[in-house]
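# Analysis of the macromolecular model
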Amino acid sequence: MTTPVLEARDVTMRFGGLTAVRSVDFTVNAGEIVGLIGPNGAGKTTFFNCLTGLYVPTEGTVSYKGTVLPPKPHLVTQAGIARTFQNIRLFANMTVLENVLVGRHTRTKEGLWSALLRGPGFKKAERASEERAMELLEFIGLDHKRDHLARNLPYGEQRKLEIARAMASEPGLLLLDEPTAGMNPQETRATEELVFAIRDKGIAVLLIEHDMRFVFNLSDRVAVLVQGEKLVEGTPDVVQADERVVAAYLGEPFEGDPGEAEAAEVEAAEAAADATGTASTTKGEAK
Ligand SMILES: Nc1ncnc2c1ncn2[C@@H]1O[C@H](COP(=O)(O)OP(=O)(O)OP(=O)(O)O)[C@@H](O)[C@H]1O
């Protein structure tokens, strides 16, 4: 039987009049690598932000291993979900090791006073943290750069370091937002190996990607978001063969397009804005 690690139920996210994510049900099971794809602006990052507590969904719930998550990023991390971001967010002036140690703070029990007084409990915990951080650096192949400043690493290694930092919180689920963005083909292949290795450590992985080859090679299952709605979900073979997916990427309309209502809303809003714009121009010209 498959065990769900992550379960999103009926998640909707609205920004004013714009529905960026609409009634999405979504599951990641233990041991799975799941890909989330969709054209630009489809709502993928917004959905990630709903999963990780960065946004409070307008409707719906997100559960991790059967428990509904509070929409607060640090509580989501503490529960067992870690993520990386589309744009690298490292502490540029900290060393490689320090960046990973920062990622461990949700797992260290030592309190503020213990840290300030640097008592024996703190020192022991600090040593254990450092050992664990070094294991992670070995795992991603950056142990030899432990004392380098993050900002001096080449781009591909900065991305790896972000993954190590996320793994430092000992997650059961890792969310990767465009892990290969800006990478050359060799770096992309290395990232593919790394994601398989992460899964083999028992961490489920959910990734957003624009590199289709990468996502279809890696994923056990792929879900396609189009205009905020889940259009198709299945094995890479099923998704690649689905003509609605091809149409969505080529921007062609198709029968039962789940985004039709949304497109009509946007058109109506644009028409209204145009009408207002014309009126104010006319007023301006009259002055
Ligand atoms: N904070 C926000 N406020 C208002 N609108 C937003 C906000 N964040 C996202 N949106 C809108 O929601 C829609 C979905 O955007 P989102 O970034 O989630 O798409 P995406 O699929 O991740 O796109 P991309 O592949 O280009 O990164 C877009 O129309 C975007 O402009």
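Cut-off values and rules
- Residues numbered from 1 in each chain as written.
- Predicted model: local features only at pLDDT ≥ 70, side-chain atom pairs only at ≥ 80, totals over all residues.
- Heavy atoms only, no water.
- Near = heavy atom within 4 Å.
- Polar contact = N/O pair within 3.5 Å; in protein donor to acceptor, adjacent residues only side chain to side chain.
- Areas by Shrake-Rupley, 256 points an atom, 1.4 Å probe, with all protein chains shown as cover.
- Helix = DSSP H or I, 4+ residues; strand = E, 2+ residues; numbered from the N terminus.
- Nonpolar A, V, L, I, M, F, W, Y, C, P; charged D, E, K, R; others polar.
- Buried < 20%, exposed > 50% of the residue type's maximum accessible area, 1.4 Å probe, protein only.
- Contact = heavy atoms within 4.5 Å.
- Axes fitted to C-alpha atoms, helices over the stretch in contact; angles between N-to-C directions.
- Left-handed = near helix turned anticlockwise from the far one by under 90°.

With that settled, the discussion passes to the site of the ligand. As a matter of local geometry, the ligand sits amid 14 residues, with Gly41, Lys44, Thr45, Thr46 and His210 nearest to it. Here an oxygen atom of the ligand sits 2.8 Å away from a polar atom, N or O, in the main chain of Gly41. Between the ligand and His210 there is a distance of 2.9 Å, counted from an oxygen atom to a side-chain nitrogen or oxygen. Isolated, the ligand exposes 630 Å² of accessible area, and the fraction of that covered by the protein chains is 63%. Elements supplying a minimum of two residues to the shell around the ligand: β2 (18-29) and α1 (44-51). Counting residues per element, the shell around the ligand draws most heavily on α1, which supplies three residues. When its residues are assigned to classes, the shell around the ligand shows six nonpolar, seven polar and one charged.

Glancing now at unusual backbone geometry. Positive phi values are uncommon outside glycine, yet Ser23 reaches one of about 45°. Structurally, the position occupied by Ser23 is in strand β2. Notably, Gln227 is not glycine yet its phi reads approximately 45°, a positive angle. Within the secondary structure layout, Gln227 lies in the loop between β9 (221-226) and β10 (229-234). With a relative accessible area of 34%, Gln227 lands in the partly exposed category.

The subject of this paragraph is the environment of Gln158. Mapped onto the secondary structure, Gln158 falls in helix α6 (residues 155-167). For the pair formed by Gln158 and Leu142, sequence separation is 16 residues and the distance between their alpha carbons is 9.9 Å. Each residue touching Gln158, except ones within four places of it in the same chain, is listed here: Ile88, Leu90, Ala150, Arg151 and Leu153. One polar contact links the side chain of Gln158 to the main-chain carbonyl oxygen of Ala150, over a distance of 3.2 Å.

Between two packed helices, both the angle of their axes relative to each other and the distance between the axes serve to describe the pair. Put simply, helix α3 (residues 96-103) and α6 touch, their axes get as near as 7 Å, and they point 35° apart. At the point where α3 passes α6, the crossing takes the right-handed sense. Residue-level contacts link Val96, Asn99, Val100 and Gly103 of α3 to Leu161, Ala164 and Arg165 of α6. By residue class, the composition of the contact of α3 with α6 is four nonpolar, two polar and one charged.

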